[in-house]
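These are the residues of each chain, in order.
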Amino acid sequence: MKLINTIKFSNKIRLQALKMTSRAGTSHIGSMLSIADIVAVLFNDILKTRPKKKNKKDYFILSKGHAGGIVYAALAEKGFFSIKKLETYCKNGSTLSGHISHYKVPGVDFSTGSLGHGLSVSCGLAFSDKKKRVFNLMSDGELDEGSNWEAILFASHHKLSNLVNIIDYNKIQSIKSIKKTLNLEPLKKKWEAFGWKVLEVDGHNHKKIFEILKNTNQKKPMCVICHTVKGKGVEFMENNNLWHYRTARGEEFLEAKYQIEKKI
Amino acid sequence: MRDTFQKELINISKKNKNLMLLTADLGFGVFDEFEKKFPKKYLNVGVAEQNLIGVSTGLAMNGKIVIAYSIANFLTLRCLEQIRNDAVYHNLNINLVSSGGGYTYGVLGMSHHATEDLSVLNCIPGIIIVAPSTKWETKEALKKLLKIKGTTYLRLEKNASNLIPKDAVYSLGNLNNYSKGSKLAIICVGGIFSECIAAVEILKKKKTNISLYTLSSLKPIDEIKLIKTIKRYRVIITVEENNFLGGLGSTIASIITKYSIKCIHKIVSTNDKTLKIVGDQEFLRKQLGMDANSLVSKVESLIKKF
């Protein structure tokens, strides 16, 4: 891992996501910035699947499909399709939908959008081919969905040691904080009680995320609780739930762009 | 029907290394032989239907041909979004097989009355829906469905007839003929066939010959072949142990309208009603006028009109 490359990559995809959402006038930029560093480490340093290679070596499912823009950006930056295609994001007639879709989008393993679907599918993938690693990235609010807990039981019962579930734990869900909506704590203990190996990490520390994700010597399914900041990388978006919905326009867009660009 | 299914499944599994049978903790005793013969192909995911479809999706993405089994309502209504978004949208070879279609579990109450499964799934573009009426249809359907790259639904009921249709060629979307008559034809799907064929026999004794067809799949339908047959009759009666909305009744009605066919179409179904009483299948069918004698009365009153 070359840390400087991954950091640069994370800010490149941040910038693309900002441009995409602003151009299209769509929401969820806060959710995308929250996972930009995790996605950067995955696509830059962890995932083995490459464009135009037929044999799949691993799977990545973005269960929080509303943040799909940042994954599209990562895929385009990695050459799965052209950067130009990103300009069609959420535009009439485009296949780059606001919630991640695999249809005619090279590199997307699975379409999501309704929360609580990804982990079950990841379980099926991990169960059927133990040689492939499967990464599922979910939001914290998504854990309100009961279907996840069906999958959490399944994964530990079948000792799916090739499965990694990553939680984007920014502590804010759709309307208010997790704490005020449906408290998840003690989150680590819950997953441990369900039989998973659980690690906690700063979800913006590339090196630490990499150290955890590169480890293939698992005996149990692994859950990585990434402590993140919603809107990370743009000061006025950080920890502000408004940016789950709002589009950066005019001065706001220019300021956000400036803050990200200076780190590239 | 379920017995035919599990026996045929064992035969197919011997030749198909990628087949997997998943159950959401139902089918007590039914799959013992399958599990014994193919322990690695059998997986009980527990009482978790959403996860059943999610896991099936992951398995199918890795090349498995999946059969996901549960009781009809649990398998279709509890996890409808997983069926739509995960299985169908990704065009994966996932075969939903349910038991307890219609009022098979009549005495168990409303939760187990599977009378909307066909309708609800029928609204999902791209899914294939089969409600076989006979053992022959069950066997042929299973063979066909497993070969299709896509999501399918096979609705099984308790009893199935041993009859084989007159031409005995099975293809999806077509009519299977079990009785020939003129002027009036019954078209049905599923186990209600037993009442329909009984009605045909009663009428035959009364010197009234009517046609009886089963529709091999509610979706897809070969409309051109279907209208050719429908046009031969002045009266069509569709019979289903299911709500007509989205079911057989509305499907045939929409085809009749689409092609401006001049015929009388009568629908026999659960008629958009939820039964709040319980009873065995025979009893509940009578309550809704879909038993053999009620069908005979309907046919006779219609015939008097022309």
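Going by the structure above, here's the rest.
In this report, the structure presented in the accompanying data block is examined. All of these numbers come straight from a predicted model, not from anything done at the bench.

Some thoughts on the sheet that holds strand β1 (residues 58-62) of chain A
Residues and elements named next belong to chain A. Overall, parallel pairing links the five strands, which are arranged β1-β2-β3-β5-β4 in an open sheet. On the outer flanks of this sheet lie β1 and β4 (197-202), each paired with one strand and no other. When the angles between neighbouring strand axes are averaged without regard to direction, this sheet yields 20°. Summarising the sheet, β4 and strand β5 (residues 222-227) pair through six bridges and their orientation is parallel.

Here's the deal with unusual backbone geometry
Omega for the peptide link from Glu185(A) to Pro186(A) comes to -5°, which places this bond in the cis form. Mapped onto the fold, Pro186(A) is located in the loop between α6 (178-181) and α7 (187-193). Look at the link from Lys219(B) to Pro220(B): it is a cis peptide, with omega at 0°. Tracing the sequence through the fold places Pro220(B) in the loop between β9 (211-215) and α9 (223-230). One non-glycine residue, His28(A), lies in positive phi territory at about 75°. With respect to the secondary-structure elements, His28(A) resides in the loop between α1 (3-24) and α2 (29-46). For Lys104(A), which is not a glycine, the phi torsion comes out positive at approximately 55°. Structurally, the position occupied by Lys104(A) is in the loop between α3 (68-77) and α4 (118-128). Residue class for Lys104(A) comes out exposed when judged on the 11 C-beta atoms lying within 10 Å of it.

Overview of the interface of chain A and chain B
Listed per partner, the contact involves 17 residues of chain A and 20 residues of chain B. Listed by contribution, the elements that provide at least two residues to the side of chain A that touches chain B are α4 and α5 (146-157) of chain A. Broken down by element, the residue count for the side of chain A that touches chain B peaks at eight residues, all from α4(A).

Focus: the sheet that holds strand β10 (residues 233-239) of chain B
Remark on secondary structure: sheet strands pair via backbone hydrogen bonds, oriented parallel or antiparallel. Residue and element names in this part refer to chain B. Spatially, β7-β9-β8-β10-β11 is the arrangement adopted by the five strands of the open sheet, whose pairing is mixed. This sheet does not close on itself; its edge strands, each paired only once, are β7 (175-179) and β11 (264-268). With direction set aside, neighbouring strand axes in the sheet form an average angle of 25°. Pairing of β10 with β11, which is carried by five bridges, proceeds in the parallel orientation.

Analysis parameters
- Residues numbered from 1 in each chain as written.
- Chains lettered and ligands numbered in written order.
- Predicted model: local features only at pLDDT ≥ 70, side-chain atom pairs only at ≥ 80, totals over all residues.
- Pairing = 2+ DSSP bridges.
- Helix = DSSP H or I, 4+ residues; strand = E, 2+ residues; numbered from the N terminus.
- Axes fitted to C-alpha atoms, helices over the stretch in contact; angles between N-to-C directions.
- Buried ≥ 20, exposed ≤ 12 C-beta atoms within 10 Å, placed from the backbone.
- Contact = placed C-beta atoms within 7 Å.

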